[in-house]
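Inside the fold
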Amino acid sequence: MTYERLKREIIQYSQTIGIDKIGFTTADPFVELKERLRTQQELNYQSGFEEQDIEKRTNPKRIMSEAQSIIAIAVAYPSKIKNPPKQDKHHRRGLFSRASWGRDYHHVLRERLKKLEAFIIEREPEAKVTIMVDTGELSDRAVAERAGLGFVGKNCALITPEFGSYVYLGEMITNIPFPSDQPVTDSCGDCNICVEACPTGALVQGGQLDAKKCLAFLTQTKGFLPDEYREKIGNRLYGMDTCQAVCPRNRGIDFHLHPELEPDPETAMPTLKSLLKMSNREFQERFGHISGSWRGKKPIQRNAILALAQYKDESAVDDLIDLMEHDPRPVIRGTAAWALGKIGVPKAESALKLAKEKEQDQDVLDEIEKGLNILKTESNMNV
């Protein structure tokens with residue numbers, strides 16, 4: 001069997017197992033990406049979640065010495081919830097980003113790639129493959145771009161002609177020298193909407209991201225959220241979609257092609273107060289199947305507290321006081337204290353003053369002081 005014929009058979013088979021786009025490229029080093037990654041490291045723009053070895057990220061042969069080509073895949077996911085839950089002042093809700101709405105895409109794409117692997121090996125028993133989805137060494141976007149699935153836009157997302165940037169990406173390195181596809185010759189042109197809309201200035205310029213400023217990263221951190229980002233987080237519980245939502249290439253894009261990727265409205269947009277005292281077991285039962293659960297419940301609960309503060313939800317005051325006084329985690333106690341200051345009712349002030357006398361953790365004491373200062377500032381403004 002010729003590799004051209006095998007490639008055609010793989011493309012046909014991929015369409016039967018829930019792969020929406022597939023492309024082929026060489027296993028040559030990603031030279032331009034290597035230079036960009038060096039610049040990112042020098043500027044300290046990386047999040048820390050990435051593979052730190054630039055050679056592994058840019059040279060497929062460092063991962064598989066026999067590598068000849070890479071197969072890139074894309075699977076489309078929805079951009080809208082069909083029946084969004086109601087939200088009012090008594091039921092404030094948070095939001096998981098679109099990429100975390102359905103079943104964890106790492107598992108979904110890996111299962112599809114494993115089926116593809118079995119298909120290839122059945123026809124080419126000497127074939128070797130290495131599968132990666134998001135957490136692998138290579139850059140999914142760089143591979144997908146070179147394999148012709150789309151182009152990387154100024155928002156640093158891969159933009160496909162059919163599905164916009166609402167796609168999950170994965171790849172398979174193989175020792176089979178498949179014919180390569182041509183990269184997409186497209187770009188954002190003069191459009192700079194995503195850069196201008198970025199709420200934290202994380203998009204330094206088109207195609208360059210300071211990951212440490214990105215709300216998608218910040219919502220996943222486990223410590224205290226830096227003060228300058230607390231009011232920018234809004235009601236985001238995990239991830240952020242602004243740079244995709246404003247993109248003209250995503251206008252009108254909403255594909256519901258895979259049942260396992262459909263959002264459950266109550267999971268994608270849970271009530272904030274229901275998250276505050278959730279046990280580990282309850283959290284896993286409710287959210288363990290989505291990608292947004294990978295960092296555990298603490299970041300989600302911290303973000304829920306911050307969202308309640310933005311809403312100035314007075315109905316949450318009793319729960320926040322209880323967290324400030326009794327939660328064993330300093331980050332949760334301190335964030336609750338700050339939120340009480342933002343909400344600003346008399347009960348919150350008296351609770352903060354009492355907590356100040358009892359709290360032993362200095363970080364939490366600092367947050368209590370911030371809460372009291374916010375109350376004082378608000379009071380002076382209202383005089």
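Residues numbered from 1 in each chain as written. Predicted model: local features only at pLDDT ≥ 70, side-chain atom pairs only at ≥ 80, totals over all residues. Heavy atoms only, no water.

1. Some words on the overall build of the protein chain
Helix and strand content of the protein chain: 16 helices and 10 strands. A compact globule built from 383 residues would reach a C-alpha radius of gyration of about 21 Å, and the protein chain, at 23 Å, matches this within 12%. Here the C-alpha coordinates of the protein chain stretch approximately 80 × 40 × 40 Å along the principal axes. Contacts in the protein chain between residues at least 24 apart in sequence constitute 76% of all its contacts with a sequence separation of at least 6. Looking at the protein chain as shown, the accessible area adds up to about 17700 Å², and 48% of this sits on carbon and sulfur atoms. Here the protein chain carries 54 positive and 57 negative side-chain charges, and the mean point of each set is 2 Å from the other. (Helix = DSSP H or I, 4+ residues; strand = E, 2+ residues; numbered from the N terminus. Rg over C-alpha atoms; globule rule 2.2 N^0.38 Å. Contact = heavy atoms within 4.5 Å. Areas by Shrake-Rupley, 256 points an atom, 1.4 Å probe, with all protein chains shown as cover. Lys, Arg positive; Asp, Glu negative; His and termini not counted. Charge placed at Lys NZ, Arg CZ, Asp CG, Glu CD.)

2. So, the sheet that holds strand β7 (residues 167–174)
In a beta sheet, neighbouring strands pair by backbone hydrogen bonds and run either parallel or antiparallel. The four strands are arranged β1-β2-β7-β4 in an open sheet whose pairing can be described as antiparallel. Both edges of this open sheet fall to β1 (21–26) and β4 (129–132), since each of them pairs with a single strand only. Averaged over neighbouring strand pairs, the angle between their axes works out to 20° when direction is ignored. Judged from the six bridges that link them, β1 and strand β2 (residues 69–76) form a sheet pairing that is antiparallel. Across the sheet, residue threonine 26 finds its bridge partner in β2, namely serine 69. (Pairing = 2+ DSSP bridges. Axes fitted to C-alpha atoms, helices over the stretch in contact; angles between N-to-C directions.)

3. Focus: the packing of helix α1 (residues 3–14) against helix α4 (residues 105–123)
Taken N-terminus to C-terminus, the directions of α1 and α4 make an angle of 145°; their axes are 11 Å apart at the nearest point. Here α1 and α4 pass one another in a crossing that is right-handed. Along the contact surface, α1 presents Leu6, Glu9, Ile10, Tyr13 and Ser14, while α4 presents Lys115, Leu116, Phe119, Ile120 and Arg123. (Left-handed = near helix turned anticlockwise from the far one by under 90°.)

4. Concerning the packing of aromatic side chains
Counted under the stated rule, the structure contains 10 aromatic pairs. Relative to phenylalanine 178, the ring of tyrosine 3 has its centre 6.5 Å away and its plane inclined at 70°; by these criteria the two rings are edge-to-face. Placement of tyrosine 3 in helix α1 and of phenylalanine 178 in the loop between β7 and α6 (193–197) is noted, with a sequence separation of 175 residues between them. According to the relative accessible area criterion, tyrosine 3 is partly exposed, its value standing at 33%. Ring centres of phenylalanine 163 and phenylalanine 255 lie 4.9 Å apart, and the angle between their planes is 80°; this geometry places the pair in the edge-to-face category. Placement of phenylalanine 163 in the loop between β6 (158–159) and β7 and of phenylalanine 255 in the loop between α9 (242–245) and α10 (265–268) is noted, with a sequence separation of 92 residues between them. (Phe/Tyr/Trp six-rings, centres within 6.5 Å; stacked < 30°, edge-to-face > 60°. Buried < 20%, exposed > 50% of the residue type's maximum accessible area, 1.4 Å probe, protein only.)

5. Let's talk about the nonpolar core
With 52 residues, the main nonpolar core has Phe96, Leu320, Met324, Leu340, Leu352 and Ile368 as its most contacted residues. With near-sequence residues (within four places) excluded, phenylalanine 96 lies in contact with Trp101, Leu237, Tyr238, Thr267, Ala268, Pro270, Phe287, Ile290, Gly292 and Ile300. Judged by nonpolar contacts, the second largest core, of 28 residues, contains Leu6, Ile17, Val108 and Leu261. (Core = buried A, V, L, I, M, F, W, Y, C linked by side-chain atoms within 4.5 Å.)

6. A word on the pattern of salt bridges
Any two side chains of opposite charge can pair, on the condition that their charged atoms come close. Counting across every chain of the model gives 28 salt bridges. Arginine 230 serves as the salt-bridge partner of aspartate 227, at 3.4 Å between the closest nitrogen and oxygen. Of the two residues, aspartate 227 and arginine 230 are both situated in helix α8 (residues 227–230); the distance of three residues between them amounts to about one turn of the helix. The class for aspartate 227 is partly exposed, based on a relative accessible area of 41%. Note that glutamate 367 is salt-bridged to lysine 370, the shortest N-O span being 3.0 Å. Placement of both glutamate 367 and lysine 370 in helix α16 (residues 362–381) is noted, with a separation of three residues, approximately one turn of the helix. (Salt bridge = Lys/Arg side-chain N within 4 Å of Asp/Glu carboxyl O.)

7. With respect to the packing of helix α13 (residues 317–326) against helix α15 (residues 346–358)
Packed helices, taken two at a time, are described by their axes: the angle between them and the distance between them. Running from amino to carboxyl end, α13 crosses α15 at an angle of 5°, the nearest separation of the two axes being 11 Å. Here α15 runs roughly parallel to α13, going by the angle between their axes. In this structure, α13 contributes Val317, Asp318, Ile321, Met324 and Glu325 to the contact, and α15 contributes Lys347, Ala351, Leu352, Leu354 and Ala355. Taken together, the residues that form the contact of α13 with α15 break down as seven nonpolar, no polar and three charged. (Parallel < 35°, antiparallel > 145°, perpendicular 65-115°, else oblique. Nonpolar A, V, L, I, M, F, W, Y, C, P; charged D, E, K, R; others polar.)

8. So, unusual backbone geometry
Negative phi is the rule for most residues except glycine; trans is the rule for most peptide bonds. A positive phi angle, near 70°, is found at aspartate 134, a position not held by glycine. Its location among the elements puts aspartate 134 in the loop between β4 and α5 (140–146). Exposure remark for aspartate 134: the relative accessible area of 38% places this residue in the partly exposed category.

9. Points about the state of the cysteines
Enumeration over the complete set of coordinates arrives at zero disulfides. Looking at cysteine 188, it has no disulfide partner, and the nearest cysteine sulfur is the one in cysteine 194, 6.2 Å off. The exposure class assigned to cysteine 188 is partly exposed, which follows from its relative accessible area of 22%. Counting only cysteine sulfurs, cysteine 214 is the nearest neighbor of cysteine 198, a cysteine outside any disulfide, at a range of 6.4 Å. (Disulfide = S-S within 2.5 Å.)

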